[in-house]
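So the chains spell out like this:
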Amino acid sequence: MNRDIKSQTLEELQAELRAWEQPAYRASQVMEWLYAQRVTTWAAMTNLPGPLRERLAHEFALYALALVTKQGDADATQKFLWRLADGALIESVLIPATPALYGEASDRHTLCVSTQVGCAYGCQFCASGLDGWKRNLGVEEIVEQILAVERWHAAEARLRGGEARTDPAARLVNNLVVMGMGEPLANYEHLLKALTILNAPWGGGIGARKITISTSGLCPQIRRLADEPFQFRLAISLHGATDAVRDRLMPVNRKYPLRELAAAAEYYQARKGRMITLEYILIAGVNDGLDQTAPLVELAGRLHAKVNLIPYNHVEGLAWERPAEVAQEAFLAALEKRGVAATLRREKGHDIDAACGQLRLKTERVRPAA
Ligand code: SAH
Ligand code: SF4
């Protein structure tokens, strides 16, 4: 199979075109078509000479995601289910900024992207891992999630407001969270290259500080990421502040127990000088006891981390439950009282299967991939 053009950096494409004895600026023109105009065909790249377009088409694939379904309404959380070339399904979630909150313009959006089909890590509460791991996503399949959502948005805007309001180069997504299906750090090379492309001024143009990678705790890769020349934000899916709780929820903790995870996180924090986020799903009767707050406070303090409490989203077929709201608030208050920066996700949007992996699971079970 041909390499996909969306897996190439500007430098790589320049080198390729140099070997074809083409002027260097042709590579920039191609990137402009891909990332500013978001075209999906070679024919649309009208300022390239015909023979060059033909050769590009011959040497590179130009892949586009196919939308299967979308859930949710505009101005709220919207979830996209995509079909890949081999029929596999993945999800991306588009989350608008809360306009009322800081008086921010409501055109700011966060996109949550997937990095694998399924997941091998088998966390007990998660829909993504329920049917196991199928494969890593390619660089272009990660990059395309942003482009496909932006194309979809531009088409919607055209439908609603006519041509005048649509600037094809206007960017919808200015925040990226790598928290969709899959364990991003288990697809390290493809992830890093995709983020390089999405971060580049000639590519996605999303600042590194606006990109958050979430991991279940792969310690060697956390250290490796710390040594990369990027200021990505790191979120760690903690969900338990003791090995006893974490072992029960996350098999990965047996390989990299909390002591090791904390050391790797500390290393990341020291290298980047940035605040880490600890994600903590509240599950009734499992990790929501107030006795869990003391070890959590200690860990957050040591890592200079903030804690993001997320009420558990029910997953069909799993027995776990979300704690009552008073219990959630009590847990939050206990953290805050001891000086930890913590937030509790209170907004709705969970009625649309907002936890990644759920929409795909449902679709695969009702309507197996063709
Ligand atoms: N594999 C990575 C990134 C994808 S999971 C990781 O584990 O961090 C993204 C986040 O969704 C994680 O914090 C995960 O624990 C959380 N999550 C998974 N299932 C959930 C559920 N049912 N309810 C709430 N959050 C869930
Ligand atoms: Fe995989 Fe993350 Fe789900 Fe765990 S929480 S099974 S690591 S996607």
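Relevant structure appears above.
Everything quoted here is computed from the prediction, not taken from an experiment. (Residues numbered from 1 in each chain as written. Chains lettered and ligands numbered in written order. Predicted model: local features only at pLDDT ≥ 70, side-chain atom pairs only at ≥ 80, totals over all residues. Heavy atoms only, no water.)

Novice: Would you mind going over the overall build of the protein with me for this structure?
Specialist: Of the regular secondary structure elements, the protein holds 13 helices and 14 strands. Evaluated residue by residue, the protein yields a buried proportion of 54% over its 370 residues. Within the protein, contacts between residues separated by at least 24 positions form 66% of all contacts whose residues are at least 6 apart in sequence. Here the protein has roughly 16500 Å² of accessible surface; of this, 52% comes from carbon and sulfur atoms. (Helix = DSSP H or I, 4+ residues; strand = E, 2+ residues; numbered from the N terminus. Buried < 20%, exposed > 50% of the residue type's maximum accessible area, 1.4 Å probe, protein only. Contact = heavy atoms within 4.5 Å. Areas by Shrake-Rupley, 256 points an atom, 1.4 Å probe, with all protein chains shown as cover.)

Novice: Mind showing me how you'd approach the packing of helix H10 (residues 258–272) against helix H11 (residues 293–303) here?
Specialist: To describe two helices that pack against each other, one gives the angle between their axes and the distance between the axes. The geometry of H10 relative to H11 is characterised by a closest axis approach of 9 Å and an angle of 30° between their N-to-C directions. Put simply, H10 runs roughly parallel to H11. Along its contact with H10, which presents Leu258, Ala262, Ala263, Ala265, Glu266 and Gln269, the element H11 presents Leu299, Arg302 and Leu303. Class assignment of the residues belonging to the contact of H10 with H11 gives a composition of 6 nonpolar, 1 polar and 2 charged. (Axes fitted to C-alpha atoms, helices over the stretch in contact; angles between N-to-C directions. Parallel < 35°, antiparallel > 145°, perpendicular 65-115°, else oblique. Nonpolar A, V, L, I, M, F, W, Y, C, P; charged D, E, K, R; others polar.)

Novice: How do you make sense of the side chain of His239 when you look at a structure like this?
Specialist: Secondary-structure assignment places His239 in the loop between strand E11 (233–237) and helix H8 (243–249). Residue His239 is classed as buried on the basis of its relative accessible area of 4%. For His239, the contacting residues outside a window of four places in its chain are Phe125, Val245, Leu249, Met250, Glu279, Tyr280, Ile281 and Asn287.

Novice: Would you explain unusual backbone geometry in this entry?
Specialist: Residues apart from glycine generally show negative phi values, whereas peptide bonds are mostly found in trans. If you check the backbone angles, Glu21 has positive phi at about 60° while not being a glycine. By the secondary structure assignment, Glu21 is in the loop between helix H1 (10–19) and helix H2 (25–36). Residues other than glycine seldom take positive phi values, yet Arg38 does so here, at roughly 55°. Structurally, the position occupied by Arg38 is in the loop between H2 and helix H3 (50–59). When its relative accessible area of 6% is taken as the criterion, Arg38 is described as buried.

Novice: What exactly am I supposed to notice about the site of ligand 2 here?
Specialist: For ligand 2, the full set of nearby residues is Cys119, Tyr121, Gly122, Cys123, Phe125, Cys126, Ser128, Gly182, Glu183 and Ser216. Of the residues in the shell around ligand 2, the class split is 5 nonpolar, 4 polar and 1 charged. (Near = heavy atom within 4 Å.)

Novice: What am I meant to see in the nonpolar core here?
Specialist: Considering soluble globular proteins, one finds that nonpolar side chains tend to be buried as a cluster. Counting residues in hydrophobic clusters, the biggest one holds 107 residues, and the most contacted among them are Leu176 and Val307. Counting residues per element, this core draws most heavily on helix H5 (residues 139–161), at 8 residues. Among the domains, domain 1 (3–61) and domain 2 (66–366) are the pair contributing at least three residues each to this core. (Core = buried A, V, L, I, M, F, W, Y, C linked by side-chain atoms within 4.5 Å. Domains from an automatic or database assignment.)

Novice: I would appreciate a short explanation of the pattern of salt bridges in the present structure.
Specialist: Note that side chains of opposite charge can pair when their charged atoms are close. Going through the model one piece at a time under the given rule, you end up with 12 salt bridges. Between Lys79 and Glu91 there is a salt bridge, with its nearest N and O atoms 3.1 Å apart. You can see Lys79 sitting in strand E4 (residues 78–83) and its partner Glu91 sitting in strand E5 (residues 89–96), a full 12 residues away along the chain. Take Lys79: its relative accessible area is 0%, and that puts it in the buried class. Two residues, Asp227 and Arg271, come together in a salt bridge whose shortest N-O distance is 3.3 Å. Here the residue Asp227 occupies a position in the loop between helix H7 (219–226) and E11, and Arg271 occupies one in helix H10, the gap between them amounting to 44 residues. Among the charged side chains, a network of salt bridges with common partners joins Lys6, Glu144 and Arg151. (Salt bridge = Lys/Arg side-chain N within 4 Å of Asp/Glu carboxyl O.)

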